[in-house]
Amino acid sequence: MNYQLLPSTDAALDSNFAASSSTLSTDLVADGSVDFRGRIADKQKTGGWKASSFIIANEAAERLSAFTVSGSLVLYLTNEMKESLPDAATHVSDWLGSTYLLMLLGAFLWMLIWVVISLLFSPPLSTSWFGMIMLTVSATVSTLRPTPCNTDTSNCPSATVGQSAFLYSALGLVALGTSGVRPNVPTFGADQYDENDEKELSYKYTFFNLFFLSIKGGALLGLTLMVYIQQEKGYGWGFGLPTGIMLASLVILAAGFPRYRYKKPMGSVFTRFVQVIVVSVRNHFKGVKVGPKVKLYEVATKESDIFGARRLSHTPHYRFLDKAAMIEDPELTDITDRWKLCTITQVEELKTFVGIFPVWASNIAHSLSLAQQTTFFIAQSKILDRKLGPNFIIPPGSMQIFAVISAFITVSVYEKFIVPILKRKTNHPRGLKSLQRMGLGLFLAIFALASAAAIEHMRRTHSNPSSLSVFWLVPQYFVLGGAESFMYVGQLEFFYDEATDGMKSVCGALFLSEVGVGSWVNSALVKIVQWATGTGENGWLKDDLNESKLDYYYAILAGISVANLFLYVFVARRYKYRHQG
């Protein structure tokens, strides 16, 4: 194998290579993507909007199903499965947490198998669909739910072990199936644009915005039409229709098969991480020292020895990891064994992951605030006056529509009016850098939780709380929806741009796993508050919100968000973008 020993201060790889002697056709992509026949992808026939439109439509259909279920699940658990409100909120948070954390496993499998198999015809989609069928059966077959009762709910029979096992097996299959697809879809969509083509690169950022709006479009229908059908026709219809729509999402995605651009799998990035750590530690105990004049190992080709991945320049931070790429005697070392010697590119992959990890960790508090939309916000909606005219009652889960409307307004106004103004002031093509956009989302989330605390305190201390209109909850939904629009799109841009070629899917899954961690933290916090305040007169979180002190819980979340914002600013100010300099 040919190789080079590069100075540890090397910062420009391109100078080591001459221009290619043969010029590729401008109709072919320059990023190594292939079509479904395995040939270099033709820009005129594959990728771009002609391919990503299928991905956007699929995401809207898949999220319609997901939002219909998540928007109704806490009520299904309390009304049909006879669970207490705190237990139902905890179970919903745990389920969402498992769904999103399993996405890291989904990203790992994605890197090991061919994209067509894993995305279009894989067990994950079938598993999720089968889970939805089981959920529909649970809502339809009476023997799979506790016996209905019209008396005091405290005397209602609880679900049997078998009934609960069937329901949570269904939810588990949905979580497992979703985790294999959802983290890879935005990455797959972004891969439809050649980063070496300036025009296509600009379209990639437009795709991120449209992808986010497709999620909200699915939520719009799921939280209005689907939830209304569920309220009027029952949970059997409410879960059955999303099951059919999930099947339609698979058909939509498969329809774009000949138009997609594909990236061949690059092997396991986790294995490469472990190799760097093992070799670094081994060399450290051998007494290897890192210095500015030390030569580091890299293959002598423009591409790295990671199949399909470009070489990465050396960076001066996390110097301990450089020990994995140090070689003193090339003649005596097996340079092909990555458990003994790593390349600069391999080391830089791990450095990139280590660098973005603090950013990921400082965003978890935002997911903690989002967890309230599918738990306590819905519980609040249920006990307020939901009448809209003489004959229409708003479904509790449909109140999330105001967060969706806010997201549409925020993205549209920001892209149309704010970005042009900011571009002139910041000289940045996106107006704000991705970290700045995420910080703005964290800032807005504080006001959403403060608003929720204030409105809940007003409701709890009102002489007749049931007479208050459910529209009092609009501010907390609306502000949180705006916060999410800044956070989600900012995170999409950040994690995709900062990821190296070999870790796009992992970074996408890492970004989504924040939601999972936030949901689990919410479950833990509910349990801690219940333990600390008890279930008596002074209990904060009880089955009856009129006897609870939910406003205190929201105030704690607002305080956590304030502290987290300071932490995030500290982390973001010290972060150096991968392409800087």
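Located above this text is the structure these notes cover.
About the criteria used
Residues numbered from 1 in each chain as written. Predicted model: local features only at pLDDT ≥ 70, side-chain atom pairs only at ≥ 80, totals over all residues. Heavy atoms only, no water. Helix = DSSP H or I, 4+ residues; strand = E, 2+ residues; numbered from the N terminus. Buried < 20%, exposed > 50% of the residue type's maximum accessible area, 1.4 Å probe, protein only. Contact = heavy atoms within 4.5 Å. Areas by Shrake-Rupley, 256 points an atom, 1.4 Å probe, with all protein chains shown as cover. Axes fitted to C-alpha atoms, helices over the stretch in contact; angles between N-to-C directions. Left-handed = near helix turned anticlockwise from the far one by under 90°. Nonpolar A, V, L, I, M, F, W, Y, C, P; charged D, E, K, R; others polar. Salt bridge = Lys/Arg side-chain N within 4 Å of Asp/Glu carboxyl O. Phe/Tyr/Trp six-rings, centres within 6.5 Å; stacked < 30°, edge-to-face > 60°. Patch = residues over 30% accessible without salt bridge, like charges linked within 9 Å, V, L, I, M, F, W, Y side chains within 5 Å. Polar contact = N/O pair within 3.5 Å; in protein donor to acceptor, adjacent residues only side chain to side chain.

A. Spatial organisation of the overall build of the protein chain. In terms of helices and strands, the protein chain carries 18 helices and 2 strands. Going through the 581 residues of the protein chain one by one, you find that 54% of them count as buried. In the protein chain, once contacts between residues fewer than 6 apart in sequence are set aside, the share between residues at least 24 apart is 81%. Of the roughly 24,900 Å² that the protein chain leaves accessible, carbon and sulfur atoms contribute 63%.

B. Quick peek at the packing of helix H1 (residues 49-79) against helix H2 (residues 85-101). In contact at an axis separation of 8 Å, H1 and H2 are set at 145° when each is read in the N-to-C sense. Between H1 and H2 lies a crossing of right-handed hand. On H2, the residues touching Val-69, Ser-70, Leu-73, Val-74, Leu-77 and Thr-78 of H1 are Leu-85, Ala-88, Ala-89, His-91, Val-92 and Trp-95. Taken together, the residues of the contact of H1 with H2 sort by class into 9 nonpolar, 3 polar and no charged.

C. Looking closely at unusual backbone geometry. In this model, Tyr-318 sits at a positive phi of 50°, which is unusual for a non-glycine residue. Tracing the chain through its elements places Tyr-318 in the loop between strand S2 (295-299) and helix H11 (344-361). By relative accessible area, which is 37% here, Tyr-318 ends up partly exposed. Positioned with a positive phi, Asn-427 is a non-glycine residue whose angle comes to about 60°. Looking at where Asn-427 falls in the secondary structure, it is placed in the loop between helix H14 (401-426) and helix H15 (434-460). When its relative accessible area of 69% is taken as the criterion, Asn-427 is described as exposed.

D. Seen up close, the pattern of salt bridges. Summed over the entire model, instances satisfying the criterion amount to 21 salt bridges. With a shortest N-O distance of 3.2 Å, Asp-35 and Arg-39 are connected by a salt bridge. Note on Asp-35: relative accessible area 7%, which makes it buried. In this structure, a network of salt bridges that share partners links the residues Glu-195, Lys-204, Arg-310, Asp-497 and Asp-501.

E. Representation of the packing of aromatic side chains within the structure. Under the counting rule described, the total for this entry stands at 31 aromatic pairs. When the centroid spacing of 6.1 Å and the interplanar angle of 70° are considered together, the rings of Tyr-205 and Phe-208 count as edge-to-face. Taken together, the residues span about one helical turn, with Tyr-205 and Phe-208 both in helix H8 (residues 198-233) at a distance of 3 residues. Taken as a pair, Tyr-205 and Phe-208 share a single burial class, namely buried. With centroids separated by 5.5 Å and ring planes inclined at 80°, the aromatic side chains of Tyr-414 and Phe-486 adopt a geometry described as edge-to-face. Taken as a pair, Tyr-414 in helix H14 and Phe-486 in helix H16 (residues 474-498) lie far apart in primary sequence, 72 residues in all.

F. Molecular detail of a nonpolar patch on the surface. On the surface, a nonpolar cluster with roughly 540 Å² of combined accessible area is contributed by Trp-129, Phe-130, Ile-133, Val-137, Val-141, Leu-247 and Val-251. At the level of secondary structure, the elements contributing two or more residues to the nonpolar patch comprise helix H5 (123-140) and helix H9 (235-255). At 4 residues, the largest contribution of residues to the nonpolar patch is made by H5. Along the chain, the position of Val-251 falls in helix H9.

G. Representation of the side chain of Gln-476 in the model. Structurally, the position occupied by Gln-476 is in helix H16. At 3.2 Å, the side chain of Gln-476 and the side chain of Gln-380 are in polar contact. Setting aside residues no more than four positions away along its own chain, Gln-476 makes contact with Phe-377, Gln-380, Ala-448, Ser-451, Ala-452 and Ile-455.

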